[in-house]
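Next come the chains, spelled out residue by residue.
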Amino acid sequence: MRKKKEKNLNPESNVPATPVDGNVVKIVAMVIVTCIVVGLVSSTAIKLAASTYYLQTQRKLATNIPLVDAALDKITDGEAGAPLPTDPPTTQAPTTQAPSTTQAPSTTKAPDTTKAPDTTKAPDTTKAPETTKAPETTEPETDSPETIKQKQDILNQYKALVSYAKTVGKPSFTKVTYRSLQKDFLTGTLLHSVDKAYADYFVSKEAAEAAPVLVPANTATSELLINHQLYACMLATEDASAAIKTATSVDLEDGNKKLTIVLRDETDPAVTAPDAEKAASFTSAMFPVVTADTLKEKVNSTLIISEISSASVTYSDCTVEVIYNPATGRIISMTQTVNYTGSFKGMLLTSTGTVTEVSEYKDFNYGAF
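Owing to the predicted nature of the structure, the values given are computational and were not obtained by experimental measurement.

Parameters at a glance
- Residues numbered from 1 in each chain as written.
- Predicted model: local features only at pLDDT ≥ 70, side-chain atom pairs only at ≥ 80, totals over all residues.
- Heavy atoms only, no water.
- Helix = DSSP H or I, 4+ residues; strand = E, 2+ residues; numbered from the N terminus.
- Contact = heavy atoms within 4.5 Å.
- Areas by Shrake-Rupley, 256 points an atom, 1.4 Å probe, with all protein chains shown as cover.
- Buried < 20%, exposed > 50% of the residue type's maximum accessible area, 1.4 Å probe, protein only.
- Arc of directions from axis to C-beta.
- Polar contact = N/O pair within 3.5 Å; in protein donor to acceptor, adjacent residues only side chain to side chain.
- Expected span 1.5 Å × (residues − 1).
- Bend = angle between axes of the 7 residues up to and from the residue.
- 1 Å grid on protein atoms, 1.4 Å probe; cavity = no way out; pocket = protein on both sides within 12 Å on 5 of 7 lines; lining within 4 Å.
- Points joined across faces, edges and corners; volume = space filled by probe spheres on them.
- pLDDT = per-residue confidence, 0-100.
- Core = buried A, V, L, I, M, F, W, Y, C linked by side-chain atoms within 4.5 Å.
- Salt bridge = Lys/Arg side-chain N within 4 Å of Asp/Glu carboxyl O.
- Pairing = 2+ DSSP bridges.

A. Local environment of the overall build of the protein. What the protein contains, in helices and strands, is 8 helices and 9 strands. Across the protein, the fraction of contacts at a sequence separation of at least 24, relative to all contacts at a separation of at least 6, is 69%. Here the protein displays about 23,300 Å² of accessible surface, and carbon together with sulfur accounts for 57% of that area.

B. Layout of helix H8 (residues 292-300). Looking at H8, one finds that the buried residues are Ala292, Leu295, Val299 and Asn300. Viewed end-on, H8 has its buried residues packed into an arc of 130 degrees, placing them on one side of the element. Those residues of H8 that are exposed and aimed more than 90 degrees away from the buried face are Asp293 and Glu297. In this structure, the buried residues of H8 make contact with helix H5 (194-197), strand S6 (310-315) and strand S8 (330-345).

C. Quick look at the side chain of glutamate 360. Summarising the element assignment, glutamate 360 is placed in strand S9 (residues 350-365). In terms of polar contacts, glutamate 360 uses its side chain to reach the side chain of tyrosine 178, at 2.9 Å. Sequence-distant contacts of glutamate 360, that is, excluding residues within four places in its chain, are made with Thr174, Lys175, Val176, Tyr178, Lys205, Glu209, Met334 and Thr335.

D. Geometry of helix H4 (residues 145-169). Helix length check: H4, at 25 residues, gives a terminal C-alpha distance of 34 Å against a target of 36 Å (1.5 Å per residue), a fit within 8%. When the local axis directions of H4 are compared, the greatest deviation, roughly 30 degrees, occurs at serine 163. What H4 keeps buried is the set Lys151, Ile154, Leu155, Tyr158, Lys159, Leu161, Val162, Ala165, Lys166 and Gly169. Along its buried surface, H4 packs onto helix H7 (240-243), strand S3 (244-251), strand S4 (257-263), strand S7 (319-325) and S8. Positioned one or two residues after H4, lysine 170 has a phi angle of 40 degrees, which is positive.

E. Structural detail: the layout of surface pockets. Roughly 520 Å³ of volume is contained in the second largest pocket. For the second largest pocket, the lining is made up of 29 residues, of which Leu225, Asn227, Pro288, Val289 and Glu357 are closest to its centre. For the lining of the second largest pocket, the secondary structure elements donating two or more residues are strand S1 (172-183), S8 and S9. In terms of residues, the lining of the second largest pocket owes the most to one element, S1, which gives 4 residues.

F. Just the confidence of the model for the protein, in detail. Of all residues in the protein, 60% have pLDDT values of 70 or greater, and the mean over the chain is 75. Note on residues 1-20: pLDDT is under 50 here. Beyond four places in sequence and across chains, it has 17 contacts.

G. Quick look at the environment of aspartate 184. Mapped onto the fold, aspartate 184 is located in the loop between S1 and H5. A sequence separation of 169 residues divides aspartate 184 from glycine 353, and the C-alpha atoms of the two residues are 7.2 Å apart.

H. Expanded view of empty space enclosed by the protein. Taken as a whole, this structure holds 1 cavity of 30 Å³ or more when the rule is applied. Each pocket or cavity is described by its volume, and for the largest cavity that value is around 60 Å³. Every residue lining the largest cavity is listed: Ala165, Lys166, Lys170, Pro171, Phe173, Val215, Thr219, Thr221 and Leu224.

I. Main features of the nonpolar core. By size, the foremost hydrophobic cluster in this structure holds 52 residues, and its most contacted members are Tyr158, Leu235, Ile261, Met286, Ile331 and Met334. Considering every element that reaches this core, the biggest residue donor is H4, with 6 residues. Discounting chain neighbours no more than four positions away, the residues touching isoleucine 331 are Leu161, Val162, Ala165, Val322, Ile323, Tyr324, Phe364 and Tyr366.

J. A look at the pattern of salt bridges. In the structure shown here, the tally under the stated rule is 9 salt bridges. The partner of lysine 183 in a salt bridge is aspartate 195, and the shortest N-O contact between them spans 3.4 Å. Residue lysine 183 is located in strand S1, and its partner aspartate 195 is located in helix H5; the two are separated by 12 residues in the primary sequence. For lysine 183, a relative accessible area of 29% gives the class partly exposed. Since its relative accessible area comes to 25%, aspartate 195 is described here as partly exposed. In this structure, aspartate 251 engages lysine 257 in a salt bridge whose closest nitrogen and oxygen atoms are separated by 3.8 Å.

K. Structural view of the pairing of S6. Where strand S5 (residues 266-267) and S6 come together, 2 bridges link them in antiparallel fashion. When the bridges of S6 are listed, glutamate 266 appears paired with tyrosine 315. Across 6 bridges, S6 lies against S8 in antiparallel orientation. Within S8, the residue paired with tyrosine 315 across the bridge is tyrosine 340.

L. Quick peek at the environment of alanine 292. Secondary-structure assignment places alanine 292 in helix H8. Linking alanine 292 and proline 269, residues 23 residues apart in sequence, is a C-alpha distance of 9.1 Å.

Here it is as structure tokens:
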């Protein structure tokens, strides 16, 4: 129910407040109620309008419309502080703010976990290739005491055989020497005409066998193994381990024996002079050798445009095999194989070539004694 109208005096003028035009009141009330019904104005705005009107007039609105007057009474009675049913607070919670939950994309920062590529730094562990350097190492020069003794014994047997033949027995024999040159198609450019230029040096086996060297008995000769007046082998016994790669002695089925000695590789071995009392190098103590300077000169003489500026030579796997009669100490046959590789550097090119020289000794004849 509406309260009775009370007369409120203006506190400043102490004069009764001027009544508001009834039509205006109805219009304002209708506008407010319409906004409430349609929902275009928020509950807060309605409260503000109603409160303002109330403060200005210090009295209630009267529209004589029961529904409107009841709504206005509810606002001006102080219950306006409570939200109207038509103002659903749930509409104020835009669920579209959930995008903040879509910040989960930061979880896509998992790429940081893909930093595992750092583990691919494991290639450092692949530095194991340094262990593959082992194949470059050859047979160790430090032999066991047993191996050293074996090499020394076989070397001494060999020296006894060839020294006796060289200086005492002086048998007649036949010698056949042939040589071949291996040159790579690409790396042998500087050597393309060497074998043709020195046809008397690069002799085939067939040509050598057709014209062998015949050494008569009781003759001092430089054709036996090395070019020396007194020695056929000058390798010192104490150097056996350092100079020899392998040394073996084998009993053959016919009762004879075969000694085989293979030397270690040696680069640019010095040449032992024909009258020297001591060998200048391990290789030249047992095999004929040529120097890098000699090879350089020979190759240069075959070139027209280019010129050799430097050269080196490496002797490798030089081998001697001797078959002999252990009862008499006389040589039956002997094969001497020399391998050397020359490396030549020109103004623009570098070339390498390997020479294999084989000397076969046979038909030894020591005479009646």
